[in-house]
Amino acid sequence: MSVFKRLRDLTLSNVYSLIEKAEDPIKLTDQYIRDMQEDLEDAEKAVASQIAIEKKFKQLYEEQDALVTKREEQAHTAASLQNIELARRALEEKRAAEQKRNEYKASFDQNKAAADNLRAKLTEMRGQLTEMKNKRETLVARYQAAKAQADINKSMAGFSSDTAMAGLKRMEEKMLQAEAMAEASNEMNSKAKSLDDEFEALGKNKEVDDELATLMKKYENKE
């Protein structure tokens, strides 16, 4: 499986679309972050390996290039000393070194291009991972807000304004009934006290009447 499968098969826009529709987007986001982190670690190893190959061919190319220069100088030295055989051997090794140098140069260029491509993709993966982590904070906030709203709606589902009004009306009726009973009780107490007062007043009036009758009889005898 390619270490860059997330870049090849799944773009961030598709990931976000799936997250938005998920039952628990936080868990899904965390899973994608873990997957991308693992892919990134694999990609970093692959890039490091490719860079090592690139450097190896570069080293081989530079060694052969240096050998070409050295054998050419040796050929000139041998020729100046009229040593034809030594000059020939130097030129032969120079040509062999040139062939190897060209081969290593082609391999170096090819592997450098591959390494550069992997470096670019690695940078892209790091950017996407950072974006995903930043996106997670937004998703968490939105999910928690939506969940809180859902909880409120659930709590309010059993609440009815008609039921509340009916309950309030019953309470008002009970209150009026209690007030009426209290008022009736006050009236009963008031009537009871008035009757006692009347009997008490009646007794007082009798005493006055008796005293008045006695007094009147007294003066009647004097006539």
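Since this is a predicted model, take the numbers as computed values, not measurements. (Residues numbered from 1 in each chain as written. Predicted model: local features only at pLDDT ≥ 70, side-chain atom pairs only at ≥ 80, totals over all residues. Heavy atoms only, no water.)

A.B. asks: Is there a simple way to think about the overall build of the chain in this case?
C.D. replies: Secondary structure assignment for the chain yields 5 helices and 0 strands. Each helix and strand of the chain, placed in order from N terminus to C terminus, yields the pattern α-α-α-α-α. Evaluated residue by residue, the chain yields a buried proportion of 20% over its 223 residues. By sequence separation, contacts in the chain at least 24 residues apart represent 82% of the contacts at least 6 residues apart. For the chain, the accessible surface area stands at approximately 16,900 Å², while carbon and sulfur atoms represent 53% of it. (Helix = DSSP H or I, 4+ residues; strand = E, 2+ residues; numbered from the N terminus. Buried < 20%, exposed > 50% of the residue type's maximum accessible area, 1.4 Å probe, protein only. Contact = heavy atoms within 4.5 Å. Areas by Shrake-Rupley, 256 points an atom, 1.4 Å probe, with all protein chains shown as cover.)

A.B. asks: It is not clear to me how a nonpolar patch on the surface should be interpreted in this structure. Could you clarify?
C.D. replies: Among the surface-exposed residues, Met165, Leu168 and Met171 lie close enough to one another that they form a single nonpolar patch of about 330 Å² accessible area. Leu168 sits in the partly exposed class, given a relative accessible area of 45%. (Patch = residues over 30% accessible without salt bridge, like charges linked within 9 Å, V, L, I, M, F, W, Y side chains within 5 Å. Salt bridge = Lys/Arg side-chain N within 4 Å of Asp/Glu carboxyl O.)

A.B. asks: Hey, could you run me through the nonpolar core in this one?
C.D. replies: The nonpolar side chains of a soluble globular protein tend to be buried, and buried together. With 13 residues, the main nonpolar core has Leu40, Val47, Leu122, Leu129 and Met132 as its most contacted residues. Looking at this core, the element that brings in the most residues is helix α3 (residues 25–80), giving 7 residues. Residues contacting Leu40, with those up to four places away along its chain left out, are Leu122, Met125, Arg126 and Leu129. (Core = buried A, V, L, I, M, F, W, Y, C linked by side-chain atoms within 4.5 Å.)

A.B. asks: Quick question: what am I supposed to make of the confidence of the model for the chain here?
C.D. replies: Low pLDDT means the predicted atomic positions in that stretch should not be read closely. Summarising the model, the chain shows a mean pLDDT of 78, and 70% of its residues fall at 70 or more. Per-residue pLDDT, averaged within each element of the chain, yields its smallest value for helix α1 (residues 5–9) (49) and its largest for α3 (90). (pLDDT = per-residue confidence, 0-100.)

A.B. asks: Which parts of the structure should I look at to understand the pattern of salt bridges?
C.D. replies: Side chains that carry opposite charge are capable of pairing whenever their charged atoms lie near each other. Scanning all chains against the criterion turns up 11 salt bridges. Among the ionic pairs, Arg119 bridges to Glu54, the shortest N-O distance being 3.0 Å. A residue pair is termed long-range when its members are at least 10 positions apart, and Arg119 in helix α4 (residues 84–157) and Glu54 in helix α3 qualify at 65 residues. A salt bridge links Asp116 to Lys112; the nearest nitrogen and oxygen atoms lie 3.0 Å apart. Of this pair, Asp116 and Lys112 both sit in helix α4, separated by 4 residues, roughly a single helical turn. The partly exposed category is assigned to Asp116, whose relative accessible area is 33%.

A.B. asks: Hey, could you run me through α3 in this one?
C.D. replies: For an α-helix, 3.6 residues make a turn, and residues three or four places apart therefore share a direction. Between the first and last C-alpha of α3 there are 81 Å, a value that for 56 residues agrees with the 82 Å anticipated at 1.5 Å per step. The positive-phi residue at the C-terminal boundary of α3 is Gln82, with phi of around 65°. (Expected span 1.5 Å × (residues − 1).)

A.B. asks: What exactly am I supposed to notice about the environment of Asn102 here?
C.D. replies: For Asn102, the location among the structural elements is in helix α4. Given the relative accessible area of 45%, Asn102 is considered partly exposed. Residues Asn102 and Gln64, spaced 38 residues apart in sequence, show a C-alpha to C-alpha distance of 8.8 Å.

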